[in-house]
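Now for the letters of each chain:
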Amino acid sequence: MPLIANPFELINAYQAFTLAFQQACDEGKIPTSYGVAEEEWVDRSYPEREVITVGRSKQVHKVGMPFVVWWPRAVLWANSLDIMLHICLIELGEL
């Protein structure tokens, strides 16, 4: 659990994030470099199964990921991460 819920230093940055995120959602933006854009998929299809390793015993589990359930959520996550990173880099003076 993170110690703070807001990764931004300034309230204006948070406001910019919420505005940019809403705009990305409204426009149906699909960012690249996060594995959610169609051109990034292996065999041109979104993976419907993922293998995860759990616990100290390193048990391997196959998890079903139906496209209609997980892909829209993955796009939201990728958009939020992409926008957050961009704004944080601006705050740090690196963009």
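Student: Looking at this structure, I do not really get unusual backbone geometry. What am I missing?
Tutor: Glycine aside, a negative phi is what most residues show, and trans is what most peptide bonds show. The phi dihedral of S33 falls on the positive side, at around 80°, and the residue is not glycine. Inspection of the secondary structure assignment puts S33 in the loop between α1 (11–27) and β1 (49–54).

Student: Can you help me understand the nonpolar core in this one?
Tutor: Grouped burial of nonpolar side chains is what soluble globular proteins tend to show. Counting eight residues, the largest nonpolar core consists of V36, W41, Y46, M65, W71, A74, V75 and A78. If we skip the residues at most four places from it in the chain, V75 touches K29, I30 and V36.

Student: I tried to follow the side chain of N79 on my own but got confused; where do I start?
Tutor: Relative to the elements of secondary structure, N79 occurs in helix α2 (residues 67–91). What N79 contacts, discounting residues up to four positions off in sequence, is F21, A24, K29 and P31.

Student: Quick question: what am I supposed to make of the pattern of salt bridges here?
Tutor: A side chain of one charge can pair with a side chain of the opposite charge if their charged atoms are brought near each other. Per the stated rule, a full pass over the model turns up one salt bridge. Across the pair K29 and D82 runs a salt bridge whose closest N-O atoms are separated by 3.6 Å. Of this pair, K29 sits in the loop between α1 and β1 while D82 sits in helix α2; the two residues are 53 residues apart in sequence, bridging distant segments of the chain. Accessibility expressed as a relative area gives 25% for D82, which makes it partly exposed.

Student: Quick question: what am I supposed to make of a nonpolar patch on the surface here?
Tutor: Side chains of L89, I90, L92 and L95 sit close together on the surface and give an oily, nonpolar patch of about 390 Å² of accessible area. Tracing the backbone through its elements, the reader meets L92 in the segment after α2. Given the relative accessible area of 58%, L92 is considered exposed.

Student: So what exactly am I meant to see when it comes to the environment of H86 here?
Tutor: In this fold, H86 is placed in helix α2. The exposure class assigned to H86 is partly exposed, which follows from its relative accessible area of 44%. In sequence terms H86 and N12 are 74 residues apart; their C-alpha atoms lie 14 Å from each other.

Student: I tried to follow the pairing of β1 on my own but got confused; where do I start?
Tutor: Within a regular strand, the side chains alternate between the two sheet faces. Taking burial as the measure, the six residues of β1 include zero buried ones, a minor fraction of the element. One ladder, built from six bridges, connects β1 with strand β2 (residues 59–64); its direction is antiparallel. What sits directly across from V51, in β2, is K62. Connecting the antiparallel pair β1 and β2 is a turn made up of four residues, with G55 showing a positive phi of about 75°.

Student: Any chance you could explain the packing of aromatic side chains here in plain terms?
Tutor: By convention here, two paired aromatic rings are described through the distance between centres and the angle between planes. Applying the stated criterion to the full structure yields eight aromatic pairs. Measuring from ring centre to ring centre gives 5.9 Å for F17 and F21, while their planes differ by 10°; the resulting arrangement is stacked. Of the two residues, F17 and F21 both sit in helix α1, four residues apart, roughly one turn of that helix. Since its relative accessible area comes to 15%, F17 is described here as buried. The exposure class assigned to F21 is partly exposed, which follows from its relative accessible area of 22%. Ring geometry for Y46 against F67: centres 5.8 Å apart, planes inclined by 75°, an arrangement best described as edge-to-face.

Definitions and cut-offs
Residues numbered from 1 in each chain as written. Predicted model: local features only at pLDDT ≥ 70, side-chain atom pairs only at ≥ 80, totals over all residues. Heavy atoms only, no water. Helix = DSSP H or I, 4+ residues; strand = E, 2+ residues; numbered from the N terminus. Core = buried A, V, L, I, M, F, W, Y, C linked by side-chain atoms within 4.5 Å. Buried < 20%, exposed > 50% of the residue type's maximum accessible area, 1.4 Å probe, protein only. Contact = heavy atoms within 4.5 Å. Salt bridge = Lys/Arg side-chain N within 4 Å of Asp/Glu carboxyl O. Patch = residues over 30% accessible without salt bridge, like charges linked within 9 Å, V, L, I, M, F, W, Y side chains within 5 Å. Areas by Shrake-Rupley, 256 points an atom, 1.4 Å probe, with all protein chains shown as cover. Pairing = 2+ DSSP bridges. Phe/Tyr/Trp six-rings, centres within 6.5 Å; stacked < 30°, edge-to-face > 60°.

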